[in-house]
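Architecture at a glance
Listed below, chain by chain, are the residues.
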Amino acid sequence: MALEITDANFEETVLKSDKPVLVDFWAAWCGPCRMVGPIIDEVSTEYADRAVVGKMDVDANQEFAAKYGVRNIPTVLVFQNGEVVGRQVGVAPKNAYTEALDALM
């Protein structure tokens with residue numbers, strides 16, 4: 001399962017990570033988000049030792065969603081060394097997420 005990322009733990013979990021980080025910005029009411037969710041969970045399992053993979057509920061955590069300009073969900077951001085290095089808006093196949101992480105390893 002993907003890690004739950006919140007406004008409270010974002011800086012420590014995402015920005016200070018020494019591994020690549022993939023964050024799925026989603027909401028429970030969002031149909032496409034429910035399609036992406038299981039894919040993100042699979043990626044989380046497969047990359048458990050090599051990357052941080054998490055989900056951030058934008059309804060409960062708006063600070064960092066606003067900071068990074070997340071206007072449509074699902075939006076998946078990829079971070080390295082505290083910087084956004086990739087963005088995928090909308091539903092994408094699993095390889096879109098794995099290739100983004102692989103490129104950073």
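Residues numbered from 1 in each chain as written. Predicted model: local features only at pLDDT ≥ 70, side-chain atom pairs only at ≥ 80, totals over all residues. Heavy atoms only, no water.

Let us look at helix 2 (residues 31-46). Spanning 16 residues, helix 2 covers 24 Å between terminal C-alpha atoms, matching the ideal 22 Å at 1.5 Å per step. Roughly 25 degrees is the biggest bend found in helix 2, and it falls at glycine 37, with proline proline 38 one to four residues downstream. Of all the positions in helix 2, only Cys33, Val36, Gly37, Ile39, Ile40, Asp41, Val43 and Ser44 are classed as buried. Looking at the buried residues of helix 2, the elements they touch are strand 2 (21-26), strand 3 (52-57), strand 4 (75-80) and helix 4 (94-102). (Helix = DSSP H or I, 4+ residues; strand = E, 2+ residues; numbered from the N terminus. Expected span 1.5 Å × (residues − 1). Bend = angle between axes of the 7 residues up to and from the residue. Buried < 20%, exposed > 50% of the residue type's maximum accessible area, 1.4 Å probe, protein only. Contact = heavy atoms within 4.5 Å.)

Mapped onto this numbering, the UniProt entry annotates "site: Deprotonates C-terminal active site Cys" (unreviewed entry) at Asp24. Residue placement: aspartate 24 occurs in strand 2. With relative accessibility at 1%, the residue aspartate 24 sits in the buried group. With residues up to four places along the chain from it excluded, the contact list for aspartate 24 reads Val36, Ile40, Gly54, Lys55, Met56, Pro74, Thr75 and Val76. (UniProt positions renumbered as here; feature names shortened; annotations may be inferred.)

A few words now on the UniProt feature "active site" (unreviewed entry) in the protein chain. Look at the UniProt record and you will see "active site" (unreviewed entry) annotated at Cys30 and Cys33. For cysteine 30, the position within the fold is in the loop between strand 2 and helix 2. Classification of cysteine 30 as buried rests on a relative accessible area of 4%. Residue contacts for cysteine 30: discarding those within four places in its chain leaves Ile73 and Pro74.

Another aspect to go through is the packing of helix 2 against helix 4. Look at helix 2 against helix 4: their axes get within 10 Å of each other, and the N-to-C directions meet at 35 degrees. Seen along the crossing, helix 2 lies across helix 4 with a hand that is right-handed. Here helix 2 contributes Val36, Ile39, Ile40, Glu42, Val43 and Glu46 to the contact with helix 4, which in turn contributes Lys94, Tyr97, Thr98 and Leu101. Its residues placed into classes, the contact of helix 2 with helix 4 shows six nonpolar, one polar and three charged. (Axes fitted to C-alpha atoms, helices over the stretch in contact; angles between N-to-C directions. Left-handed = near helix turned anticlockwise from the far one by under 90°. Nonpolar A, V, L, I, M, F, W, Y, C, P; charged D, E, K, R; others polar.)

Here we take up the sheet that holds strand 1 (residues 3-4). Pairing in this open sheet of five strands is mixed, and the strands run 1-3-2-4-5 from one edge to the other. Only two strands of the sheet have a single partner each, and these edge strands are strand 1 and strand 5 (83-89). As paired strands, strand 2 and strand 4 are joined by five bridges and run antiparallel to one another. Of the residues in strand 4, the one forming a bridge with aspartate 24 is valine 76. In the packing of helix 2 onto the sheet, the strands contacted are strand 2, strand 3 and strand 4, and the crossing angle to strand 3 comes to about 155 degrees. Seen against the sheet, helix 4 touches strand 2, strand 3, strand 4 and strand 5 and runs at an angle of roughly 10 degrees to strand 4. (Pairing = 2+ DSSP bridges.)

Side-chain pairs of opposite charge can arise where the charged atoms are in close proximity. Tallied over the full model, the rule gives four salt bridges. The shortest N-O distance in the salt bridge between glutamate 42 and lysine 94 comes to 3.0 Å. Linking glutamate 42 in helix 2 with lysine 94 in helix 4, this pair joins segments that are 52 residues apart in sequence. Judged by relative accessible area, which is 41%, glutamate 42 ranks as partly exposed. (Salt bridge = Lys/Arg side-chain N within 4 Å of Asp/Glu carboxyl O.)

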